[in-house]
Amino acid sequence: MNQSMTYRDRVPLPPMPDEYEAGLRYPPANLERAQVRAGELVFDREDGLQRACAQGFFLVGIPEGVNTDPGDTLAAEFHRDRTGDHLDPFRGWRDVEIPGDYQGYFDREHDQWENLYVESANWHLLPPGVAPLGHAMTDLGLLVLCSVLRGVGIPRDAWATVTSALSEKRGHQMLAFNHFRSTKDTRGSKFHRDSGWVTVLRSTEPGLLALIDGELRSVDPVPGHFIVNFGSSLEVLTERLPAPVRANVHGVAHTRRAPGTPDRTSYAIFLDSALGGTIHRWEDNTAHPVQSVAEFAEQEVNRTYDDTTHL
Ligand SMILES: O=C(O)CCC(=O)C(=O)O
Ligand SMILES: [Fe+2]
């Protein structure tokens, strides 16, 4: 393993509690809220953006006209077999080959978690209504990214370099659908960081926990809002700045269900640099190359799905 593969130190993780304990023991994170108004991201409080960057999570109102129903249906159905009814386009995704790296159906051995990952070049394969939702979530995530880059003081003419052109909508936009199998006696997911820049998450149920300022907090959804969190690429970029952006460790507690009750589901857009790009750190008003995106992504992804107690 070369030196750059070990760029990020391993961190010990707390044990993942089960769902019952999660609700009982961990107070809710007090998240900032923002809305999109006239194409701008506007926080309810004046220092909202700074607090959101420090906490690593915030809530944003789902913009008017964005229809989450097709995504909700795909998250609930992708793992099921087709039965010959009107939901068939949303089903049977275990067996579909999707071209490209890190894409398709995944059964996470150590978790309740199973996923369907589809990058924007393949959204035409998805059922009606999902691609427009993916584009709307992407646009929202890019608005967040640009607001943060401006907020931390990175000059506009450096954005394309430091984000490997994601700021110009040329990176990876990955839709990720999550289903947590309540019948499997494991954690929901491992505690992890998302590896990219910005994640926009649609969740309608508690179960997500995050380490914020060293304390485990529950990150519960608020109706009509997406949950936004920041990824490692943004944390590395800003780590030498006076107010670094946090890619906080988070994960999903074990989900328990009474028979006949639907399992927990969620979905997210991950905004990542293209795999041919470079991770940078911003220091002395200059972009410093740190590691290739391909290596960085491999390291971060491998740490997300193993069964160790560190990241
Ligand atoms: O389901 C959730 O609440 C979070 C899922 C998550 O962390 C992820 O997909 O990376
Ligand atoms: Fe995540």
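For the structure itself, look to the data block above.
For every chain, the first residue of the written sequence is number 1, and numbering continues from 1 onward in sequence order. All chains are assigned letters beginning at A, and all ligands numbers beginning at 1, according to the order in which they are written. Only residues with pLDDT of at least 70 are given local features in this predicted model, and only at 80 or more are side-chain atom pairs given and counted; all residues enter the totals for whole chains, interfaces and linings. Side-chain figures throughout are based on the complete set of non-hydrogen atoms in the structure, without hydrogens or water.

A.B. asks: Just checking my understanding: could you explain the coordination of the iron ion (ligand 2) for this structure?
C.D. replies: For a metal with four tetrahedral donors the ideal donor-metal-donor angle is 109.5 degrees, while six octahedral donors give ideal angles of 90 or 180 degrees. Only nitrogen, oxygen and sulfur atoms qualify as donors, and only when within 2.8 Å of the metal (3.2 Å in the case of Na, K and Ca); with water excluded, sites may look incomplete. Taken together, the protein ligands of the iron ion (ligand 2) are H192 (NE2), D194 (OD) and H250 (NE2), with distances of 2.1 to 2.3 Å. Here the donor residues of the iron ion (ligand 2) share one chain and are spaced in sequence as H-x1-D-x55-H. Of this pair, D194 sits in the loop between β6 (172–180) and β7 (198–203) while H250 sits in strand β11 (residues 250–252), and the two are 56 residues apart along the sequence. Relative accessible area serves as the criterion here: at 7%, D194 is assigned to the buried category. In this text, helices come from DSSP runs of H or I with a minimum length of four residues, and strands from runs of E with a minimum of two, each type numbered from the N-terminal end. Using a 1.4 Å probe on the protein chains alone, a residue whose accessible area is under 20% of its type maximum counts as buried, one over 50% counts as exposed, and one in between counts as partly exposed.

A.B. asks: Explain the side chain of T138 to me, please; I cannot follow it from the model alone.
C.D. replies: Of note, T138 is situated in helix α4 (residues 130–151). With a relative accessible area of 0%, T138 lands in the buried category. We call two residues contacting when some pair of their heavy atoms lies within 4.5 Å. The contact partners of T138, leaving out residues within four places of it in the chain, are W123, K169, Q173, I269 and L271.

A.B. asks: Please clarify how the site of ligand 1 should be interpreted in this entry.
C.D. replies: When we say a residue is near a molecule or strand, we mean one of its heavy atoms is within 4 Å of it. Neighbouring residues of ligand 1: W113, N178, F180, H192, D194, L201, L208, H250, V252, R264, S266 and F270. Under the rule applied, a polar contact is a pair of N or O atoms within 3.5 Å (in protein, one hydrogen donor and one hydrogen acceptor; residues adjacent in sequence only if both atoms are side-chain atoms). Within the contact set of ligand 1, an oxygen atom lies 3.3 Å away from a side-chain nitrogen or oxygen of N178. R264 has a polar side-chain atom sitting 2.8 Å from an oxygen atom of ligand 1. Isolated, ligand 1 exposes 290 Å² of accessible area, and the fraction of that covered by the protein chains is 97%. Of all the elements, strand β12 (residues 264–272) adds the most residues to the shell around ligand 1, at three residues. In short, Shrake-Rupley with a 1.4 Å probe defines the accessible areas, and a residue's cover is counted only from the protein chains shown.

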